[in-house]
Amino acid sequence: MTLESLGWDEAFAADFQSYSNSGFLPARVIRAHRHACDVFTSSGLLPAACTGKMLHDAKTHAELPVVGDWVVARKRPTEARMDIHAVLPRRTKFSRRAAGERDKEQVLAANVDTVFLVSSLDDNYNLRRIERYLMLARESGAEPIVVLNKADLHKAPAVAQAEVAAVALGVTVVVLSALENNGLEALEPWLQPGRTVALLGSSGVGKSTLINCLLGEEVQDTGDISIVNHKGRHTTTHRELFVTPSGALVIDTPGMREVQFWQSETASVDDTFTDISQLAQQCRFHDCRHNGEPGCAVLAALNSGELDDARWGSFQKLQLEQAYAARKAEASLESVARSSWKKLTQQAKKYTK
Ligand SMILES: Nc1nc2c(ncn2[C@@H]2O[C@H](COP(=O)(O)OP(=O)(O)OP(=O)(O)O)[C@@H](O)[C@H]2O)c(=O)[nH]1
Ligand SMILES: [Mg+2]
Ligand SMILES: [Zn+2]
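Residues numbered from 1 in each chain as written. Chains lettered and ligands numbered in written order. Predicted model: local features only at pLDDT ≥ 70, side-chain atom pairs only at ≥ 80, totals over all residues. Heavy atoms only, no water.

Another point: the coordination of the zinc ion (ligand 3). All of the protein donors around the zinc ion (ligand 3) are C283 (SG), C288 (SG), H290 (ND1) and C296 (SG); their distances to the metal are 2.1 to 2.4 Å. Bound by 4 donor atoms, the zinc ion (ligand 3) shows angles of 103 to 114 degrees at the metal and therefore tetrahedral coordination geometry. Read from N- to C-terminus, the donor residues coordinating the zinc ion (ligand 3) fall into the pattern C-x4-C-x1-H-x5-C. Of the two residues, C283 is situated in the loop between α8 (274-281) and α9 (297-304) and C296 in the loop between α8 and α9; the sequence distance between them amounts to 13 residues. Residue classification places C283 among the buried residues on the basis of a relative accessible area of 7%. (Donors = N, O, S within 2.8 Å, 3.2 Å for Na, K, Ca; no water. Tetrahedral: all angles 85-135°; square planar, octahedral: opposite > 155°, others 65-115°. Helix = DSSP H or I, 4+ residues; strand = E, 2+ residues; numbered from the N terminus. Buried < 20%, exposed > 50% of the residue type's maximum accessible area, 1.4 Å probe, protein only.)

Time to look at unusual backbone geometry. The phi dihedral of N111 is positive, around 55 degrees, even though this residue is not glycine. Position of N111 among the secondary structure elements: in the loop between β7 (105-110) and β8 (114-120). Among the residues examined, N111 registers a relative accessible area of 5% and is labelled buried. With a phi angle near 50 degrees, N181 is a residue other than glycine that sits in the positive phi range. Inspection of the secondary structure puts N181 in the loop between β10 (173-175) and β11 (196-200).

In the vicinity of ligand 1 there are 24 residues, among which D152, S203, T209, G223 and T236 approach most closely. One of the side-chain N or O atoms of N149 is found 3.1 Å from an oxygen atom in ligand 1. Here an oxygen atom of ligand 1 sits 2.5 Å away from a polar atom, N or O, in the side chain of S203. Coverage of ligand 1 by the protein amounts to 91% of the 660 Å² it exposes when considered alone. Across the shell around ligand 1, the residue classes break down as 6 nonpolar, 14 polar and 4 charged. (Near = heavy atom within 4 Å. Polar contact = N/O pair within 3.5 Å; in protein donor to acceptor, adjacent residues only side chain to side chain. Areas by Shrake-Rupley, 256 points an atom, 1.4 Å probe, with all protein chains shown as cover. Nonpolar A, V, L, I, M, F, W, Y, C, P; charged D, E, K, R; others polar.)

Attention now moves to the environment of M256. Here M256 shows up in the loop between β13 (249-252) and α7 (267-272). According to the relative accessible area criterion, M256 is buried, its value standing at 8%. Residues M256 and H234 lie 22 residues apart in sequence; the distance between their C-alpha atoms is 9.0 Å. Sequence-distant contacts of M256, defined by excluding residues within four places in its chain, comprise R96, L108, Y133, L136, L200, G201, S202 and S203. (Contact = heavy atoms within 4.5 Å.)

Before going further, it helps to examine the pairing of strand β2 (residues 36-41). The element β2 is largely enclosed, with a buried count of 5 among its 6 residues. Sheet analysis places strand β1 (residues 25-33) next to β2, joined by 5 bridges and oriented antiparallel. Within the sheet, the bridge partner assigned to A32 lies in β2 and is C37. Hairpin remark: β1 followed by β2, antiparallel, with 2 residues in the connecting loop; positive phi at R34, about 50 degrees. With 6 bridges connecting them, β2 and strand β3 (residues 44-50) associate as antiparallel partners. Bridging from a neighbouring strand, F40 pairs with L45 of β3. Counting the residues that bridge the hairpin from β2 to β3 gives 2 residues. (Pairing = 2+ DSSP bridges.)

Applying the stated rule across the entire model yields 13 salt bridges. Where R311 meets E131, a salt bridge forms, and the shortest distance between an N and an O atom there is 2.7 Å. Separated by 180 residues along the polypeptide, R311 in helix α10 (residues 309-352) and E131 in helix α3 (residues 127-140) bring together distant segments of the chain. Using a relative accessible area of 4% as the deciding quantity, one classes R311 as buried. According to the relative accessible area criterion, E131 is buried, its value standing at 0%. (Salt bridge = Lys/Arg side-chain N within 4 Å of Asp/Glu carboxyl O.)

Structure (structure tokens):
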């Protein structure tokens, strides 16, 4: 296995340059449990763990390795394992606010080129949720593709596809059935050698079933939908990267129940709702709040039915959430800065003693 086949390229190599002595090797994280990982190197799969120094120096959990990361590692001389010394800068990353810990960033996956946002064409299918996932994908920096799975369960999949395309502006919407292995060829443009694709979506939509199709074998367990729905059970419990026979790198993830935004990229709202941002540009006042002002193009479009009420509601809700997430992220950055400042002043005191 070459580094290139794992997604390595000149830009990562440039970031690695300063480490390229003392026996350091680049390695790609294929699964991560707390501080322990499994990594792929050019010589194969090895277990790895962060050094104590790295854990100590990390200001937040978000700096520690996650699936998809490129890490700087060194093999132990007498053992088949590696020590991780650093994480190379992430080209893209999926972050959300950690469940339960409102002001902590949780990074779900790194260095993903494309994300397949998987929904299923049964009762899971929900336009508002797709909008939310699209925003998450935009924030990550990866290209989103909407995958509507379980086409076999829908009477008119093409109608559903058109309905989703109307909210996923400028995004490819693919309809397929993973169970029947039908329609998967539409995904080929994104499943290229050395390219990384992550599958995201709620529990039970068929992410692992699709992964198994792409791998050509039953690698991942898949769950019975009735159990998933009634007990809220997730079949997949950790994120993992696999190599497909075509050489693409695919990441399976556990179903997401909660998608709280992390980053402060307000642009992602406008990118997801280009129809609304274009309307807003036609309002008479450039700072129109679309709240009864004269000459408001948004209200006119709502009245004429050109803009769907539910989509407008979704936009407003996500925009508010985004603003909240931005304030939280900023507060968290400040507290990180404060605590490292504290560390520094404590160290300085030690030295002056
Ligand atoms: N009818 C139909 N069922 C499908 C299809 N794809 C998956 N399923 C079924 O849906 C159920 C859930 O599939 P999984 O692949 O485990 O779903 P998942 O998204 O990986 O779920 P988590 O791991 O819990 O996040 C299984 O019973 C699959 O057989 C499909 O295209 N059509
Ligand atoms: Mg799964
Ligand atoms: Zn307006």
